[in-house]
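# Topology and contacts: notes
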Protein chains: 2
Amino acid sequence: MKNGQRYEPLTVPRRMILGPGPSSASPRVLRAMSLPIIGYLDPAFFDLIDELTGMLGEVFKTEQRAFSVAGAGSAGMEAGLVSLAQPGDTVIICSYGHFCERQIIMGERLGLNVVPLRTEWGRSMDPGVLIDALKQHPETQLVVAIHAETSAGTIHPIAEFARIAHKAGAMFMTDVVTSLAGCELEFDEWELDFAYSGSQKCLAAPPGISPVAMSERALDYIRNRSKPPTSWYLDLSLIADYWGKDHVAHHTAPVSMIYGLREAVGMALNEGLETRWKRHEANASALRAGLEALNLELPISKGDRLDQLTIVKLPKGVDDVKLRAQLLDEYSIEVGRGLGKFAGEVIRIGLMGESCVPANVFALLNALEKTLPEHGFEVGSGAAAAAASAQLVKNPSPLFTG
Amino acid sequence: MKNGQRYEPLTVPRRMILGPGPSSASPRVLRAMSLPIIGYLDPAFFDLIDELTGMLGEVFKTEQRAFSVAGAGSAGMEAGLVSLAQPGDTVIICSYGHFCERQIIMGERLGLNVVPLRTEWGRSMDPGVLIDALKQHPETQLVVAIHAETSAGTIHPIAEFARIAHKAGAMFMTDVVTSLAGCELEFDEWELDFAYSGSQKCLAAPPGISPVAMSERALDYIRNRSKPPTSWYLDLSLIADYWGKDHVAHHTAPVSMIYGLREAVGMALNEGLETRWKRHEANASALRAGLEALNLELPISKGDRLDQLTIVKLPKGVDDVKLRAQLLDEYSIEVGRGLGKFAGEVIRIGLMGESCVPANVFALLNALEKTLPEHGFEVGSGAAAAAASAQLVKNPSPLFTG
């Protein structure tokens, strides 16, 4: 202790988090985070993870493996890449955003023969591009593509990508960090081999644990590959064995994060997945109506855009950093910055999970209406709230329960 | 939701956790776990991790780098191995327990040229063994050794190991999962290059985050190695950059776990590290006095044993699994099983952090006094509690504050 300083209990500011994630966690989830610790080999804890395994299966819509990786969504990403291909294997990574580029960096570090398949940011990738690439690389072991790219605000037809990959004899891995519990996802029906997500987006749990689903085929592959994955911590077969019926000890499980994830998944299932998807759609529609009433440009077209995350083009002359700082300082509202090709040109507004309610839509639109003119962009008075309200009258948001 | 099932709020049993970890978290820490989420790029969150960086430096006793890896202690372990050596490099791994063997498995998976240096379980390793190994392997890049081996209940002279490694031109990495905040550790004075710990032992936070310290020399090595670490998630230089003054974005930080870690470290510093070490010593002494009064054998000798974790030899005929199950079912007390060479032959009793108080010593001794005769091992009535009490009168435990 320096100079006799005493560390008082931590306090944190109250924020309205409307960025790309983490998003707010539900009070019920936060309460679960403060439950007492029990051992990760305690039979009572095994009961909990057995229950959670079934619940995760419902959220991913799979009867195959569902469990969680003890780390951020990026740990789920790396677990898939290190487990589902060996150094030297050809892996096609579709790239239309910042997080696709992260997959490429990871794959290259792991010594995979990465074939990047780069298409335009802000548009859904045409499946024909993948068909062509697989013709050129018939030796491909694994195809990787992101379902909902938060850096570009786009959704991609992963069910079709998976069919194309399988037809060419490759496995298919996908990132559902932003899509899980926020829009349709059918792990078994779409024949996905591995999907990793995050806890901190549409599930409304704290960040730091990555729920995943894996096909039996993928698990067989890992168990039978000629050399085990270079990572012990992120070896999906070892993690699956801890979550499986024998509960084979691996690393110490993140007990509190698993409490929080269980609670969040329980709330999502109580609400009903279809209702939750509808809630994301309705609030995003209201937000878009309001933003358009402010004369802001939404550059992602209707068929390609996400409901969870809306990309807004910054009007000429509006400084990204200053605008976001003002929203944070004066309204305690966080919105996201642009990344990669969109850096400095857009802001990203997330409406996910706990944050995805009409109150937040109105609060943000009001803050923008007050703030933007101070940055030299004129907007009509009250128009945004009126437009959002009209849209919500026409297409109401389900009440957030759970 | 299956059959209209509604998921009610999670509850968990109340346990007295006296195993090798996780150990109980303090109520103040659990409260911090339930604070609202803020963004991992929020200036308020940067203030928090800047404060925590300084606090971790105090706990590790370093003016160099202190931060945390977003995963279990095993993630800290793998982060060190993947960051501080390249495939093909010679790495000497001292092995005198189960977790040393885990390091060997990880190192081999990573393609390091691992030289295992195996010595007897249950004894501190003689530094002469390391001197000899380094003579045989002058090309050694890294020496790895565990400070407090919980599987064998032993402490090892890592300051001396570090001196020997440096003299031979190698870096030195160590596991302080069980030692940090439980017994003396001097990162800078002992010239360690990398030390990883866990949150869930003597720090009394939930498991799932690995506090680490790293020398500037180690960071320079990572920044200048010919190829980057094969892991992006566990690349210590990228993690250090997020925790450093520029807060370069890496993966999403585990916000709640960082809240809990901050609170736990604050409590340890409020208590005072020396007082906390003394608390571990005094309660372990009382426990040992009580166990000896029960005629139980403590196989680790005085100079080699830990205070945080006591190895108890099971009397002939006492079944490990049945005894532990009875303690859990009838007393809600968790003790640990034997691992590796000690499997089925010992139980392991942890007194760490929040769990390390006289009340728990007495509760466990009483449970053993009642239980052991039912397993065919006769013990004297009340002798254990009397012996522990006498020991605590002679050598009192500091009151646990913080």
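Residues numbered from 1 in each chain as written. Chains lettered and ligands numbered in written order. Predicted model: local features only at pLDDT ≥ 70, side-chain atom pairs only at ≥ 80, totals over all residues. Heavy atoms only, no water.

## Points about the side chain of Arg225(A)
Residues and elements named next belong to chain A. Within the secondary structure, Arg225 sits in the loop between α7 (216-224) and α8 (236-243). Buried charge Arg225 goes without a salt bridge, the closest partner of opposite sign being Asp89 at 6.7 Å. Polar contacts involving the side chain of Arg225 include one to the main-chain carbonyl oxygen of Ser83, which spans 2.8 Å. Apart from residues lying up to four places away in sequence, Arg225 is in contact with Val82, Ser83, Leu84, Ala85, Gln86 and Pro87. (Helix = DSSP H or I, 4+ residues; strand = E, 2+ residues; numbered from the N terminus. Buried < 20%, exposed > 50% of the residue type's maximum accessible area, 1.4 Å probe, protein only. Lys, Arg positive; Asp, Glu negative; His and termini not counted. Salt bridge = Lys/Arg side-chain N within 4 Å of Asp/Glu carboxyl O. Polar contact = N/O pair within 3.5 Å; in protein donor to acceptor, adjacent residues only side chain to side chain. Contact = heavy atoms within 4.5 Å.)

## Topic: the relation of the copies chain A and chain B
Each copy of the sequence occupies a distinct position, and chain A is placed on chain B by a rotation of 180 degrees and an axial shift of 0.0 Å, giving an RMSD of 0.0 Å. Viewed as a symmetry operation, the transformation between the two copies matches a two-fold axis. When the interface residues of chain A are mapped onto chain B, 100% of them again lie at the interface, so the same face is used by both copies. (Least-squares fit on C-alpha atoms with pLDDT ≥ 70 in both.)

## Looking at the domain arrangement of chain A
Residue and element names in this part refer to chain A. Here chain A is partitioned into domain 1 (27-270) and domain 2 (272-394). For domain 1 and domain 2, the distance between their C-alpha centres works out to 29 Å. Taking both sides of the interface into account, the surface hidden between domain 1 and domain 2 amounts to around 2,200 Å²; carbon and sulfur atoms contribute 61%. Sorting the residues of domain 1 by area buried against domain 2 places Trp121, Gly153 and Cys202 first, and these three jointly supply 22% of that buried surface. If you look at where domain 1 meets domain 2, you find one salt bridge. Of the charged contacts, one joins Lys61 and Glu274 as a salt bridge, the two residues approaching to 3.1 Å between their closest N and O atoms. The tally of links from domain 1 across to domain 2 stands at eleven residue pairs in polar contact (both at pLDDT 80 or more). If you list the elements that add at least two residues to the side of domain 1 that touches domain 2, you get α2 (43-60), α4 (98-109), β6 (148-149), β7 (154-155) and α9 (255-271). (Domains from an automatic or database assignment. Buried area = accessible area lost by both parts, 1.4 Å probe.)

## A few points about the packing of aromatic side chains
Tallying each qualifying case throughout the model produces eight aromatic pairs over all chains. Judged by centre distance (6.1 Å) and plane angle (40 degrees), the rings of Tyr40(B) and Tyr242(B) are tilted. Of this pair, Tyr40(B) sits in the loop between α1 (27-33) and α2 (43-60) while Tyr242(B) sits in helix α8 (residues 236-243), placing them 202 residues apart in sequence. The class for Tyr242(B) is buried, based on a relative accessible area of 4%. For the ring pair Phe194(B) and Tyr196(B), a centre distance of 6.3 Å and an interplane angle of 35 degrees mean the geometry is tilted. Residues Phe194(B) and Tyr196(B) agree in their burial class; the two are buried. Put simply, the rings of Tyr40(A), Phe46(A) and Tyr242(A) touch in pairs and so form one group of aromatic residues. Here the guanidinium or amino end of Arg279(A) rests over the ring plane of Phe400(A), the centre of that ring lying 3.9 Å away. (Phe/Tyr/Trp six-rings, centres within 6.5 Å; stacked < 30°, edge-to-face > 60°. Lys NZ or Arg CZ within 6 Å of the ring centre and 35° of its normal.)

## Re the sheet that holds strand β5 (residues 142-146) of chain A
Residues and elements named next belong to chain A. Taken together, the seven strands give an open sheet; going across it, the order is β2-β10-β9-β8-β5-β3-β4, and neighbouring strands pair in mixed fashion. A single partner strand is all that each edge strand has here, and the edge strands are β2 (65-69) and β4 (113-118). Each neighbouring strand pair of the sheet contributes to a mean axis angle of 20 degrees, computed without reference to strand direction. The sheet strands contacting helix α5 (residues 127-136) are β3 (90-95), β4 and β5, and the helix crosses β3 at an angle near 160 degrees. α7 contacts β2, β8 (171-175) and β10 (210-214) of the sheet and is inclined by roughly 90 degrees relative to β10. (Pairing = 2+ DSSP bridges. Axes fitted to C-alpha atoms, helices over the stretch in contact; angles between N-to-C directions.)

## A short note on the confidence of the model for chain A
Detail in the predicted coordinates should be disregarded across regions flagged by low pLDDT. Taken as a whole, chain A shows an average pLDDT of 97; of its residues, 99% reach a score of 70 or greater. Scoring the predicted complex yields pTM 0.97 and, for the interface, ipTM 0.97. (pLDDT = per-residue confidence, 0-100.)

## Digging into the nonpolar core
Residues Phe45(A), Leu130(A), Tyr259(A), Phe45(B), Leu130(B) and Tyr259(B) are the most contacted members of the largest nonpolar core, which totals 235 residues. The element best represented in this core is α2(B), accounting for ten residues. (Core = buried A, V, L, I, M, F, W, Y, C linked by side-chain atoms within 4.5 Å.)

## Observations concerning the sheet that holds strand β14 (residues 346-350) of chain B
Residues and elements named next belong to chain B. Spatially, the three strands line up as an open sheet ordered β11-β14-β13, and their pairing is antiparallel. Whereas interior strands pair on both sides, the edge strands pair on one side only; in this sheet they are β11 (309-313) and β13 (336-337). Note that β13 and β14 share two bridges and pair antiparallel. Of the residues in β14, the one forming a bridge with Arg337 is Ile347. Against the sheet, helix α11 (residues 320-331) engages β13 and β14, with an angle of about 30 degrees to β14.

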